[in-house]
Each structure stands twice: as structure tokens, then as C-alpha cells.
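Structural features, examined
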Amino acid sequence: MADLVLDRLEEKIRGLSPTQPECSIFRVPDQLRKINEKAYEPEMLAIGPYHRGKDRLIITECKTRYLQKLLERRSDISLSDYVTAMRASEERARKCYEGLIYMNEDEFVEMMLLDGCFIVEVIRKHYNKELREVDDPIFKRRGRLHFIARDMLLFENQLPFFVLWKLFSMTDMPNNHQTNCSFFYLILYFFYGILPGIARPRGDLEHDEVKHLVGFIHDSWLPAPAGMEAYEMNPERYSDWRLICCATEIQEAGIKFQKVEDRSLFDIKFENGVLKIPTLHIGDTSEAVFRNLIAYEQFAHDKNPNHITDYVKFMDCLINSSRDAELLRRRGIIDNWLGDDEVIAALINRLGDAVVLGDNFYYTEVFDKVNLHCSRRCNKWKANLRHNYFNTPWAIISFLAAAVLLGLTLAQTIFSGLAYFHPK
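Here is a short report on the structure shown in this document. No experiment lies behind these values; they were computed from the predicted model shown.

Overview of the overall build of the chain
Each helix and strand counted, the chain has 19 helices and 5 strands in total. Buried positions account for 48% of the 424 residues belonging to the chain. For the chain, restricting intrachain contacts to residue pairs at least 6 apart in sequence, the fraction spanning at least 24 positions comes to 71%. For the chain, the accessible area works out to roughly 23,100 Å², and carbon and sulfur atoms hold 53% of it.

Observations concerning unusual backbone geometry
Among all residues save glycine, negative phi is the norm, and among peptide bonds the norm is trans. For aspartate 262, which is not glycine, the phi torsion reads 55 degrees and is therefore positive. You can see aspartate 262 is positioned in the loop between β1 (256–260) and β2 (269–271). Accessibility expressed as a relative area gives 70% for aspartate 262, which makes it exposed. Positive phi values are uncommon outside glycine, yet asparagine 272 reaches one of about 50 degrees. Mapped onto the secondary structure, asparagine 272 falls in the loop between β2 and β3 (274–278).

Brief notes about the environment of leucine 205
By secondary structure assignment, the location of leucine 205 is in the loop between α9 (183–191) and α10 (213–220). Using a relative accessible area of 8% as the deciding quantity, one classes leucine 205 as buried. Between the C-alpha atoms of leucine 205 and phenylalanine 184, which are 21 residues apart in sequence, the distance is 9.3 Å.

Some points on helix α17 (residues 364–375)
Its 12 residues give α17 an end-to-end C-alpha distance of 16 Å, which sits within 8% of 16 Å, the value for a rise of 1.5 Å per residue. Those residues of α17 not exposed but buried are Thr364, Val366, Phe367, Val370, Asn371, His373 and Cys374.

Brief notes about a negative patch on the surface
Where like charges cluster on the molecular surface, the negative patch consists of Asp3, Asp7, Glu10 and Glu11. Locating aspartate 3 in the fold gives a position in the segment before α1 (4–14).

Some points on the sheet that holds β1
Across the sheet, which stays open at both edges, the 3 strands sit in the order β1-β3-β2 with mixed pairing between neighbours. Every interior strand has two partners, whereas the edge strands, β1 and β2, have only one. On average, each strand axis in the sheet is inclined to that of its neighbour by 30 degrees, with strand direction left out of account. Relative to β3, β2 runs antiparallel, the two sharing 3 bridges.

A few points about the packing of aromatic side chains
In the structure shown here, the tally under the stated rule is 26 aromatic pairs. Between phenylalanine 314 and tyrosine 363 the ring centres are 5.2 Å apart and the planes differ by 45 degrees, which places this aromatic pair in the tilted class. Placement of phenylalanine 314 in helix α14 (residues 307–318) and of tyrosine 363 in the loop between α16 (341–351) and α17 is noted, with a sequence separation of 49 residues between them. Overall, tyrosine 363 belongs to the buried group, its relative accessible area being 1%. Measuring from centroid to centroid gives 5.7 Å for phenylalanine 314 and phenylalanine 367, while their planes differ by 40 degrees, and the two rings are tilted. Here phenylalanine 367 lies in helix α17 and phenylalanine 314 lies in helix α14, a separation of 53 residues in the sequence.

Focus on the side chain of glutamate 287
Positionally, glutamate 287 belongs in helix α13 (residues 286–299). Take glutamate 287: its relative accessible area is 14%, and that puts it in the buried class. A distance of 2.9 Å separates the side chain of glutamate 287 from the side chain of asparagine 36, its partner in a polar contact. Sequence-distant contacts of glutamate 287, defined by excluding residues within four places in its chain, comprise Asn36, Leu347, Arg350 and Leu351.

Here we look at the side chain of histidine 212
Looking at the secondary structure, you find histidine 212 in the loop between α9 and α10. At a separation of 3.1 Å, a polar atom in the side chain of histidine 212 contacts the main-chain carbonyl oxygen of serine 24. One polar contact links the side chain of histidine 212 to the main-chain amide nitrogen of glycine 215, over a distance of 3.0 Å. Discounting chain neighbours no more than four positions away, the residues touching histidine 212 are Ser24, Ile25, Gln158, Leu159, Phe161 and Tyr296.

Topic: the environment of alanine 230
Relative to the elements of secondary structure, alanine 230 occurs in helix α11 (residues 225–233). As for alanine 230 and tyrosine 362, which are separated by 132 residues in sequence, their C-alpha atoms are 10.0 Å apart.

Quick word on the packing of helix α15 (residues 322–330) against α16
Taken N-terminus to C-terminus, the directions of α15 and α16 make an angle of 105 degrees; their axes are 8 Å apart at the nearest point. Viewed along their axes, α15 and α16 adopt a mutual orientation that is roughly perpendicular. Between α15 and α16, the contacting residues are Ser322, Ala325, Glu326 and Arg329 on the first element and Asp341, Glu342, Ile344 and Ala345 on the second. Residue composition of the contact of α15 with α16, by class: 3 nonpolar, 1 polar and 4 charged.

About the thresholds
The residue numbering used here restarts from 1 in each chain and proceeds along that chain's sequence as written. Side-chain atom pairs in this predicted model are given and counted only at pLDDT of 80 or more, local residue features only at pLDDT of at least 70, and totals for whole chains, interfaces and linings cover all residues. Side-chain numbers here rest on the full set of heavy atoms in the structure, without hydrogens or water. Secondary structure elements are defined from DSSP: runs of H or I of at least 4 residues count as helices, runs of E of at least 2 residues count as strands, and each element is numbered from the N terminus. Relative accessible area decides the class of each residue, using a 1.4 Å probe on protein chains only: under 20% of the type maximum gives buried, over 50% gives exposed, and in between gives partly exposed. By definition in these notes, contact holds between two residues if any of their heavy atoms fall within 4.5 Å. The protein chains shown are the only cover counted for residues, whose accessible areas, like all others here, come from Shrake-Rupley with a 1.4 Å probe. An expected span of 1.5 Å times one less than the residue number is assigned to each helix. Distance thresholds for patches are 9 Å for like charges and 5 Å for nonpolar side chains (Val, Leu, Ile, Met, Phe, Trp, Tyr), applied to residues having over 30% relative accessible area and no salt bridge. When a carboxyl oxygen of Asp or Glu lies within 4 Å of a side-chain nitrogen of Lys or Arg, that pair is called a salt bridge. Positive residues here are Lys and Arg, negative ones are Asp and Glu, while His and the chain termini are left out of the count. Positions of charges follow a simple convention, taking NZ of Lys, CZ of Arg, CG of Asp or CD of Glu. At least two DSSP bridges between two strands are required for those strands to pair. A fitted line through C-alpha atoms serves as each axis, taken over the contacting stretch for helices, and the angle formed by two N-to-C directions is quoted from 0 to 180°. Only centres within 6.5 Å qualify two rings of Phe, Tyr or Trp (six-membered ring in Trp) as a pair; their planes then separate them into stacked at under 30 degrees, edge-to-face at over 60, and tilted for everything else. N or O atoms closer than or at 3.5 Å make up a polar contact, with two conditions inside protein: a donor-capable atom paired with an acceptor-capable one, and, for residues adjacent in sequence, both atoms drawn from side chains. Oblique is the label for every angle not falling under 35 degrees (roughly parallel), over 145 degrees (roughly antiparallel), or within 65 to 115 degrees (roughly perpendicular). Under the scheme applied, nonpolar residues are Ala, Val, Leu, Ile, Met, Phe, Trp, Tyr, Cys and Pro; charged residues are Asp, Glu, Lys and Arg; polar residues are all the others, including Gly.

This is the structure we're talking about:
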């Protein structure tokens, strides 16, 4: 008699799809998506197969028009040349996506060409205004470009980078020094307005190392080289560490907060009782940018450090309430363009939901120093005094009044004693 369990398992094993080591573009897992689904969905621009058909109407027209204008500008390259180049890349590109893609070869090639040319051209035109058409609907309204940039950094909304590189190389204009800039530089220039900090291209980064735009931004928006080197060389960073208290409690322990200028967002230092933190600019696209870069680190990135996840955890520790957000805002560490302090606190706290920290934490040394400072007896005494007796202006006034009253009482006692022993 046949074993039905054995038959079913053998059938399931035979039905497994082959693994794809080249896979680099994934769907956002449900545990992250359910926190804020809108942060992973395109608002205007759909790129690649996962969100195909979700373009706004104006974008659908622009993709075709951008291809038309490109053919006019580069009349030496025919539409057939572009189609041939994309058809040659189709099989490799399809393997970059997780799961089955329900598009035939022609549909996939057309998608790559229209989406890829649009991305390359909008990045190029953003840098070089001379290439823009007078009636270009993307650049006529600044808000559109802002949200297009946001959509181009969504984890699921990607084309393989080698496709973009191929189209950029084919359409580059070597006789015009303005458009012959490094593609890496043009990309960072394009995304400058929506990144909450400064990103610089890595000097050692080769185009064939880049998986997609999200991966490129992740590998360009880094801590300073000195910090990265110290992280990789110092074994103490791999030791056990404890979370730090929130900003208001740290301040009560005598630690001061200081904003720093012209430094990578991730370069946080603790020196001589001062926590030095670069300014975090928070706007309407910040949550989507952080969430999608964190998704990249969580599920598609095997390198250390996971510096963006670690940074969000650091800020999540500092901000437990609107009071903490207000303190950091007043110190210039948070530049809030989004709403009141409660909104900022809620945003920062949500960013860390369903996120798993890696084995190595980038801010171990900072946490250890802050915790050591707060654990010293005199600092704990000061913190306890501030928390229990100086936590409101009325408490301070009451303490001062009591101190004055005690002083007057003591003075009266002294004068009364002097009058008794020296009546004259």
C-alpha cells in the first residue's frame, strides 16, 4: 500500500521553484508592511513588475514622451537598438526579482525600457536644466519631482542597476561636459532633497557592485570613514551592551546635548559629558525613506554595519515622549517640518517596530560611555534630585522659597543666641 504522506512530500519537493542567488529585489515582508503599508507603496511612479500599472496618468504619458524626446536628442541610436539591448538583459533582469513574474518577454522588455529611460532621463534633467522641455509636466510642478524621488527609493519599486547603467551609457552625451558627469554623482544630486542627511559617493564603488538605487543610496549614505574603520577594527563593539535612557533622563544626569554641523547623520559622539548629534531633518518623505532602507538592511543585505537600523534604534532610545522630542528640537538636533513634537515622537517610535537588530551594534561605544556616566554615584544623585525635586518650575520655586525660609530661620536663631549671650 502506498504511503500517502511520502507521495505528498515528494510532490511538494518536485514542485519547488529553483533558488535564485542573483535575486536582489524583494517584496517587503508582512511584519514590516503592516506597520505602515503606505510607506512601501508608490504614490506617483511605479517601477518594475511588482507595482506595474499603478502609475499616475501623467507619469504613464511622461514615460513614453521621455523615450520620444530621447530618440530625438540621440538620433544616432534607434528605438530598435534600445529594444535589442533590453532584450539581451531580460533573462538576467528577471532573475533579480523574488518570486514568479507574470509577464511575458515582450512585456518585460517594454517595461524595462520605458521605466529605465524615465529614471535615467529624470535624473539627468534634474541636473541639467537645458535638457528639459518647456512644457515638461514633471519639472513644472516641484511637488511632483519630490514624490517621484520618494517613489524611486521604495524597496519594491526598483529596476536592476545594470539596466539603468546600460541605458545611461547608451544615452550619455560625451561632447557635453555637463551631462557627462558620473552617474553616481547625478543620482546623489537628484536625491539630495529627500535624504535626511548628507550622502557622498564611495570612491571605491564600482557600478557592477550596485544592485539597485536603494542599495546605492544605502552604500553612499554612510558614517564617516574613520567611524567605519573604528567599527570594523575595534572588537569591543561586538561586546554586550545596554540601552540608554531617554533624552530628558539623560539630561537630568548632567549630560548635555549639542548639534554638530557638516557631519554624516550617523556620526554621533559622546565626549566630556556632551552627546554630539548631527541634525535630523524630518519631512513628509522621511518615514518612507527610512522604512525602505531599513527593509533593505533587514531582508536583502548581509553586510555590517546595518547603520540605518542602528541609528533609528539610537533615536528610538532617546525619544520616548513629546518632551524628549521637544528637548532635541530645542537643541537643534531635530529639524521638524512634519508636525508637533508628539508627531515626531510617534514617528520615531514606530520606525523601530518589527525591526531586528544585528549581532553588532554601531553605537555600542556611545551607549557604554553614556551608561557609565549615568551610573556614577554623584550623577545618579543629581539625576534623582532633578527628577524628584526640580521636575517643574513650581518645584524649583518651592525649593528656593524653602531654602530662603530656612536661611531666615537660621539667621534668626543665630541672632537670638547672640542676643542672649551678649545682651549689649
